[in-house]
Amino acid sequence: MKSIHITPYDLELSVFTSQRSLKMYLKKNNYLIHHDENFNLDNCHGLALMYPDNTTMVLLPKEYSEDTLDHELIHITWYISEIIGQPLTYNNNEFQAYLFNDLKKKIKKKVYKL
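Our subject in this report is the structure included herewith. Keep in mind that this is a model prediction, so the values were computed, not measured. (Residues numbered from 1 in each chain as written. Predicted model: local features only at pLDDT ≥ 70, side-chain atom pairs only at ≥ 80, totals over all residues. Heavy atoms only, no water.)

### Some details on unusual backbone geometry
What counts, and what does not: Put simply, DSSP marks the helices as runs of H or I at least four residues long and the strands as runs of E at least two long, and each gets a number from the N terminus on.
The linkage connecting T7 with the following residue, P8, adopts the cis geometry, with an omega of 5°. At N54, a residue that is not glycine, the phi angle is positive and equals roughly 75°. Within the secondary structure layout, N54 lies in the loop between β3 (47-50) and β4 (56-59). Phi is positive for K113, which is not a glycine, with a value near 55°. Tracing the backbone shows K113 in the segment after α3 (94-110).

### Some words on the pattern of salt bridges
As a reminder, the rule being used: Salt bridge, as used here, is a side-chain nitrogen of Lys or Arg placed within 4 Å of a carboxyl oxygen of Asp or Glu.
Across all of its chains, the model carries four salt bridges by this definition. The network of salt bridges with shared partners includes E66, D70 and K104.

### Details of the pairing of β4
As a reminder, the rule being used: When a residue's accessible area, from a 1.4 Å probe over protein chains only, is under 20% of the maximum for its type it is buried; when over 50% it is exposed; and in between it is partly exposed. Pairing between strands is defined by DSSP: at least two bridges between the two strands are required.
Burial along β4 is two-sided: the face carrying T56 and V58 and the face carrying M57 and L59 are both buried. Pairing of β3 with β4 involves four bridges; the strand directions are antiparallel. The partner of L47 across the bridge, within β4, is L59. Here β3 folds back onto β4 in antiparallel fashion, the turn holding five residues, of which N54 has a positive phi close to 75°.

Written as structure tokens, this is what we have:
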């Protein structure tokens, strides 16, 4: 697991590239994997998660996939907008674009060494 600081907010994004390590982390910290009890993590290429305590995490493939990273970051930016109380609207979405690019650069560098 790698931790990515979300600036300018005092938040962290936990990035996992192993389903096993994500499952262990969730179990250790008493988080449900998904609200649907039939959900199967083994079928996921990626997964974005947010919990009531504002913990945010993302599962990404071991090998870099721009499509999966972009897809999951869209979810993460929506979660962060909820956490900080800045809803995304037609007239209020510029911060999402900056946040998306910032997180993508940090994850590519820290997780994938790109």
